[in-house]
Amino acid sequence: MIRFLAYPIVLSAALSIPLAQAAPAATASGNELAISLGGYRYEEPGLMSLQGMKSGLNLQTTTAYPERRSFLRGELRIAV
C-alpha cells in the first residue's frame, strides 16, 4: 500500500493602508476545524494502477488586530 503524507504549513499576513477615515475592521478573530474524506484513482495503462481513500484534517485560525487595522491568518493541513 502506498501512502501519501503531506504537512504544508502556510502563514500569511495582510496589512491595510491607513485611509482618511478609519473604517471598522471587517475581519473577525476565530478558528475553523474541518475533516475531509475522499478517494483517488491513478492509472497508467499497461504500467500501473493505484486507487484508495484519502482523509485529512484542516485547521485555520485568524487573529484580528483592529487597533493596527491588520490581521494574521494561519493554516495547517494534514492529509493521510
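Residues numbered from 1 in each chain as written. Predicted model: local features only at pLDDT ≥ 70, side-chain atom pairs only at ≥ 80, totals over all residues. Heavy atoms only, no water.

K.L.:
How do you make sense of the side chain of threonine 62 when you look at a structure like this?
P.N.:
Relative to the elements of secondary structure, threonine 62 occurs in strand β3 (residues 48-65). Here threonine 62 falls in the buried class, since its relative accessible area comes to 9%. A distance of 3.4 Å separates the side chain of threonine 62 from the side chain of arginine 73, its partner in a polar contact. Discounting chain neighbours no more than four positions away, the residues touching threonine 62 are Thr27, Ala28, Ser29, Gly30, Phe71, Leu72 and Arg73. (Helix = DSSP H or I, 4+ residues; strand = E, 2+ residues; numbered from the N terminus. Buried < 20%, exposed > 50% of the residue type's maximum accessible area, 1.4 Å probe, protein only. Polar contact = N/O pair within 3.5 Å; in protein donor to acceptor, adjacent residues only side chain to side chain. Contact = heavy atoms within 4.5 Å.)

K.L.:
So what exactly am I meant to see when it comes to the environment of leucine 76 here?
P.N.:
Considering the arrangement of structural elements, one finds leucine 76 in strand β4 (residues 70-79). Considered as a pair, leucine 76 and leucine 57 are 19 residues apart in the sequence and their alpha carbons are 8.2 Å apart.

K.L.:
Explanation requested: the pairing of β3 in the structure shown.
P.N.:
A regular strand places its side chains on the two faces of the sheet in alternate fashion. Relative to β3, strand β2 (residues 30-44) runs antiparallel, the two sharing 15 bridges. Residue pairing in the sheet places glycine 39 in a bridge with methionine 53 of β3. Between β2 and β3, which pair antiparallel and follow one another directly, the connecting turn spans three residues, one of which, glycine 46, has a positive phi of 80 degrees. Hairpin geometry of β3 and β4 is characterised by an intervening segment of four residues between the two adjacent antiparallel strands and by a positive phi of about 55 degrees at arginine 69. (Pairing = 2+ DSSP bridges.)

K.L.:
Where do I start with the confidence of the model for the chain in this structure?
P.N.:
Here the chain shows a mean pLDDT of 76. Residues at 70 or above account for 69%. Scored below 50 in pLDDT, residues 1-17 makes 31 contacts in the model with residues more than four places away or belonging to other chains. (pLDDT = per-residue confidence, 0-100.)

K.L.:
Looking at this model, I keep getting lost on the environment of tyrosine 42. Mind explaining?
P.N.:
Within the fold, tyrosine 42 resides in strand β2. Tyrosine 42 sits 10 residues away from glycine 52 along the chain, and the two C-alpha atoms are 9.3 Å apart. Look past the residues within four positions of tyrosine 42 in its chain and what remains in contact with it is Met48, Ser49 and Leu50.

K.L.:
Mind showing me how you'd approach the pattern of salt bridges here?
P.N.:
Close approach of charged atoms lets side chains of opposite charge pair. All told, the structure shown has two salt bridges when counted by the stated rule. Glutamate 43 is the partner of arginine 41 in a salt bridge, and the nearest nitrogen-oxygen pair spans 3.1 Å. The exposure class assigned to arginine 41 is exposed, which follows from its relative accessible area of 61%. Salt-bridge contacts for arginine 77 lead to glutamate 75; the nearest nitrogen and oxygen are separated by 2.6 Å. (Salt bridge = Lys/Arg side-chain N within 4 Å of Asp/Glu carboxyl O.)

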